[in-house]
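# Understanding the architecture of this molecule
Spelled out from the first residue to the last, the chains are:
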Amino acid sequence: MTDKKKFIPILITSALSVLMVAVSRITGETDIIFPEAAAVAIGVLAAPVRSWNTSKLRLMLTITAAALLGMAVVRFVPFPLYIKIPIGLAAVTILITLSQTNFLPAISACILPIMNGTHSAAYPLSVVTVTGITLLTLHIFEETGMRNKYRYVPIEPTRPLIRLRLAQVIIASIVCFIPLALERPFFIAPPLIVAFFEMTAPSSPVKKDMTTATVMMALSAFLGVSCRILLGEIAGLPMAAAAAVTTCAIMFAIEITGFYFPPCGSVGLLPYIIPQHTLVRFPFIVTTGFLIFAAISLVSSNHVKHEMEEAEKENSEHTEAYNHI
């Protein structure tokens, strides 16, 4: 994209934030705010190369099914959160694997309603609406030549990939247990779980620059909190305006650093759905949680390295065969 065209994804992502927060404030439905919408917009509109191997249709179906899956866990699994979350993680990971994609934001779409105890139909409706707007924008970008069309290649559920996914679910569930048992969920906020899966994925670019990843996650959390407090609570501006400033600031930081890490976007919008009294400590807890997941991803990499390499090798071979069809 040219420099001028780079502003368009920023404006689109900010507009989505404004839409969600404004409708949420008008209706009183906090479940309308879907923070992962910013991550999806970053991954498919802003990033030079699409962040996930998925078609537009599969992306929409996967994220919608994940949202409904999370709500189903809330309704039909009568256990504490430290049991519900692993069940949700296992279910959504199976969903992603069966979708033959690596669309990891679906994890957040499933885990967020479980953590919030969401029952409102406003949540899946919001997920479908904002994701649909993002994908429609992507289609327009592709048709007008602003972005190259992406050729999706199905990711086969090979044994190495299944072993990798199993290891990711087990490790993430273990990490989540103590914060959930102690009722400190921000340490394992949904975008952090997505980040962990990203960091332990085959050929993860995040692992090559953990310092920038940590700084960007901390900055995004700080921007979300500071904009809500300074612009929304103190200056009295509409929360939608504060959310727009948050999103713009995060997007500019991403463009400046060239570090397109989608979970940053969702972390920046989380402050708009959490209680006011938790705002001040939110950036510190999120940053600590990310560091914990990052450290565990590095420690566990030796255990999952073989599965990662085998999964990558088999998928590369499948991609090459597919391209020759």
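Keep in mind that what you see is a predicted model, and the values were worked out from it rather than measured. (Residues numbered from 1 in each chain as written. Predicted model: local features only at pLDDT ≥ 70, side-chain atom pairs only at ≥ 80, totals over all residues. Heavy atoms only, no water.)

### What to know about the overall build of the protein chain
Looking only at helices and strands, the protein chain has 12 helices and zero strands in total. For the protein chain, the N- to C-terminal ordering of α and β elements is α-α-α-α-α-α-α-α-α-α-α-α. The C-alpha radius of gyration computed for the protein chain amounts to 19 Å, which stays within 12% of the reference 20 Å derived for 325 residues, consistent with globular compactness. Oriented by its inertia axes, the alpha-carbon framework of the protein chain measures out at about 55 × 50 × 35 Å. Here the protein chain holds 325 residues, and 55% of them are scored as buried. In the protein chain, of all internal contacts separated by at least 6 residues, the share reaching a separation of at least 24 is 81%. Entry remark: accessible area of the protein chain is about 14,200 Å², with carbon and sulfur atoms responsible for 66%. In the protein chain, 22 positive and 19 negative side-chain charges are present, and the distance between their average locations comes to 3 Å. (Helix = DSSP H or I, 4+ residues; strand = E, 2+ residues; numbered from the N terminus. Rg over C-alpha atoms; globule rule 2.2 N^0.38 Å. Buried < 20%, exposed > 50% of the residue type's maximum accessible area, 1.4 Å probe, protein only. Contact = heavy atoms within 4.5 Å. Areas by Shrake-Rupley, 256 points an atom, 1.4 Å probe, with all protein chains shown as cover. Lys, Arg positive; Asp, Glu negative; His and termini not counted. Charge placed at Lys NZ, Arg CZ, Asp CG, Glu CD.)

### Brief notes about the environment of Pro86
Mapped onto the fold, Pro86 is located in helix H4 (residues 81-98). Expressed as a C-alpha distance, the spacing of Pro86 and Leu61, which sit 25 residues apart in the sequence, is 22 Å. For Pro86, the residues in contact, after removing those within four places along its chain, are Leu81 and Ser173.

### Description of unusual backbone geometry
Positive phi is not limited to glycine here, since Gln100 has a value of about 60°. Take Gln100: it is sitting in the loop between H4 and helix H5 (105-116). Taking the relative accessible area as the measure of exposure, Gln100 reaches 19% and is therefore buried. A positive phi is found at Glu183, a non-glycine position, where the angle reads about 60°.

### Quick look at the UniProt feature "transmembrane region" (unreviewed entry) in the protein chain
Per the UniProt record, "transmembrane region" (unreviewed entry) is found at residues 7-26, 57-77, 89-115, 121-141, 162-182, 210-231, 238-261 and 281-299. From the first C-alpha to the last, residues 57-77 spans 29 Å; its make-up is 95% helix and 0% strand. (UniProt positions renumbered as here; feature names shortened; annotations may be inferred.)

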